[in-house]
Amino acid sequence: MTRATKATLTFDNGAPPIEFPVLSGTMGPDVIDIRSLGQHGYLTYDPGFMATASCASRISYIDGDAGLLCYRGYPIEQLASQSTFMEVAYLLLYGELPNSGQKSVFEEEMRRNAMLHDQIHTVFRGFRRDAHPMAVMVGVTGALSAFYHDSTNVFDAANREQSALQLIAKIPTVAAMSYKYNMGEPFAYPQYRHHYTENFLHMMFSTPCETYQVNPILARALDRILILHADHEQNASTSTVRLAGSSGANPFACVAAGMASLWGPLHGGANEAVLKMLAEIGDVSRIPEFIKRAKDKSNPFRLMGFGHRVYKNMDPRAAVMRKTCHEVLDELDLNGDPLFQIALELERIALQDEYFISKKLYPNVDFYSGIVFRALGIPESMFTAIFALARTAGWVAQWNEMLSDSAHRIGRPRQQYIGAMPRDYVPINQR
Ligand code: SDX
């Protein structure tokens, strides 16, 4: 069937039909351009944006039925096995993989901007020691705009690039310092001798008491995990960054808003929730009980790490994550890890269950990531922080793409009003 170029809306009350252009992208569903609908006195209604494209983007693409994810056209499996997070961050921001010269300059920019203004240490000290690292990260990231305000003219391309590079470079330091503060350990400074991901591990785990050696196999595994989490179309946190940025807000505040959204257990907070769920299951013999709870409509319990708004097939990132899980547990001789065994068995049982099959619920990126993080010695409270570290590359790329479009406008969704009709004020002695 040829592709439609026009859609016509007809009404059952004899009102004249309204025509809309149908637009085609490079891949994926065609879109009906309904921007003129408001002039006809109608709005569309799509809570949760189940069928709404908020923008046109060149950055990442998901085919949920095929289980496909591409960053700038490159399949995630190829990037995860052949690239590095530094290359992927460059790719997301600039649109092409860097050549060796461009990669060296970018990595040097990351090294030189990894340290935070020394006064920011006092910002951390305003938090209780037992504050969740995500609460600290959201606060400190937003506070960065008070220290790096010389590149926040968001309508200037060079300023946007500088802010984007600052954020990609500094977020690992913010994340690691959030962890150190939570642990009551002294902050570890970034080291120029380390590459990006090794530097993060150094800042997380080194102490003044001994020389910390980065395990290259674990660093490679973490680097691959950062690649998997770097971008993912217009998910809740990316849409939050775009909407905040559409008003011209500074990029540090926009990324802080994205972090706050990512922290939710239905989004980036799911990796922490998966591990808690696996620990609660405790033994493969209890899996059927939890599967039953997940299927019970009267029970709010959901199988964390399963399901996705877009993927109606296996999340390709989950497959790479499961492979990484095997590698890391092999390297650390933890193959008998009970939570990993429960996860493998839970996946096997769920994927044979009619409920999950009929609703196309498959493991998503969060299902295995928590097990790998725990094996890497990363505490549960830092799982989402690492997701945020990786997704900052995607957030700033999406933010920059939006503001690079001279036709962009402030985002301002409408609503369907179902409240009270206009009425007169009632003095309190008459209520
Ligand atoms: C991420 O958007 C992204 O791209 C996000 C992300 C990214 O990289 O940015 O991929 C990262 O957030 C991954 C998702 C992590 N969240 C979880 O693992 C939490 C558990 N999953 C669910 O809460 C749920 O699947 C969502 C939130 C992921 C998706 O929610 P939707 O699209 O709104 O789907 P839904 O809630 O409408 O579910 C459809 C049906 C419902 O049953 P019915 O009402 O049709 O009878 O499937 C059921 C749901 O009850 N269902 C589940 C389930 N997920 C959906 N039932 C049991 N367990 C689950 N996990």
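This is a predicted model, so every value here is computed, not measured. (Residues numbered from 1 in each chain as written. Predicted model: local features only at pLDDT ≥ 70, side-chain atom pairs only at ≥ 80, totals over all residues. Heavy atoms only, no water.)

Student: Please explain the pairing of strand β2 (residues 18-23) as it appears in this structure.
Tutor: Along a regular strand, successive side chains alternate from one face of the sheet to the other. Burial along β2 is one-sided: the face carrying Ile18, Phe20 and Val22 is buried and the face carrying Glu19, Pro21 and Leu23 is not. Judged from the two bridges that link them, β2 and strand β3 (residues 31-32) form a sheet pairing that is antiparallel. Bridge pairing in β3 places Val22 opposite Ile32. (Buried < 20%, exposed > 50% of the residue type's maximum accessible area, 1.4 Å probe, protein only. Helix = DSSP H or I, 4+ residues; strand = E, 2+ residues; numbered from the N terminus. Pairing = 2+ DSSP bridges.)

Student: Hey, could you run me through the layout of surface pockets in this one?
Tutor: Looking at the second largest pocket, its volume works out to about 160 Å³. Considering the residues around the second largest pocket, the lining is formed by Thr84, Met86, Lys103, Glu107, His195, Tyr196, Thr197, Glu198, Pro216, Ala219, Arg220 and Asp223. Counting residues per element, the ones that place at least two in the lining of the second largest pocket are α3 (100-112), α7 (196-205) and α8 (216-228). It is α8 that contributes the most residues to the lining of the second largest pocket, four residues altogether. In terms of residue class, the lining of the second largest pocket is made up of four nonpolar, three polar and five charged. (1 Å grid on protein atoms, 1.4 Å probe; cavity = no way out; pocket = protein on both sides within 12 Å on 5 of 7 lines; lining within 4 Å. Points joined across faces, edges and corners; volume = space filled by probe spheres on them. Nonpolar A, V, L, I, M, F, W, Y, C, P; charged D, E, K, R; others polar.)

Student: What is the right way to look at unusual backbone geometry in this model?
Tutor: The residue Glu233 is not glycine, and still its phi comes out positive at about 55°. On the basis of relative accessible area, Glu233 is assigned to the partly exposed category, the value being 21%. Residue Lys360 is not a glycine yet carries a positive backbone phi of 55°.

Student: What should I look at first to understand the site of the ligand in this one?
Tutor: Among the 23 residues in the neighbourhood of the ligand, the closest are listed as His232, His308, Arg309, Arg317 and Arg391. Side-chain polar atom of Arg317 to an oxygen atom of the ligand: 2.7 Å apart, as the coordinates give it. Within the side chain of Arg391, one N or O atom sits 2.7 Å away from an oxygen atom of the ligand. Look at the ligand: alone it shows 1,000 Å² of surface, and the protein chains cover 78% of it. (Near = heavy atom within 4 Å. Polar contact = N/O pair within 3.5 Å; in protein donor to acceptor, adjacent residues only side chain to side chain. Areas by Shrake-Rupley, 256 points an atom, 1.4 Å probe, with all protein chains shown as cover.)

Student: What exactly am I supposed to notice about empty space enclosed by the protein here?
Tutor: One way to see where empty space is left: roll a probe the size of a water molecule over the atoms. Throughout the structure, instances matching the rule amount to two cavities of 30 Å³ or more. There is about 100 Å³ of room inside the largest cavity. Every element with two or more residues in the lining of the largest cavity is listed here: α3, α6 (157-183) and α7. Its residues placed into classes, the lining of the largest cavity shows seven nonpolar, three polar and two charged. Roughly 60 Å³ of internal volume is contained in the second largest cavity. Lining the second largest cavity we find Met115, Leu116, His121, Thr173, Met177, Phe187, Ala188, Tyr189 and Pro190. Its residues assigned to classes, the lining of the second largest cavity comprises seven nonpolar, two polar and no charged.

Student: In this structure, what is going on with the environment of Met314? I would like to understand it.
Tutor: Within the secondary structure, Met314 is located in the loop between α12 (287-295) and α13 (316-331). Placed 248 residues apart in sequence, Met314 and Ala66 show a C-alpha to C-alpha distance of 8.4 Å. Once you skip the residues sitting within four places of it in the chain, Met314 turns out to touch Gly67, Ala319, Arg322, Glu347, Tyr362 and Pro363. (Contact = heavy atoms within 4.5 Å.)

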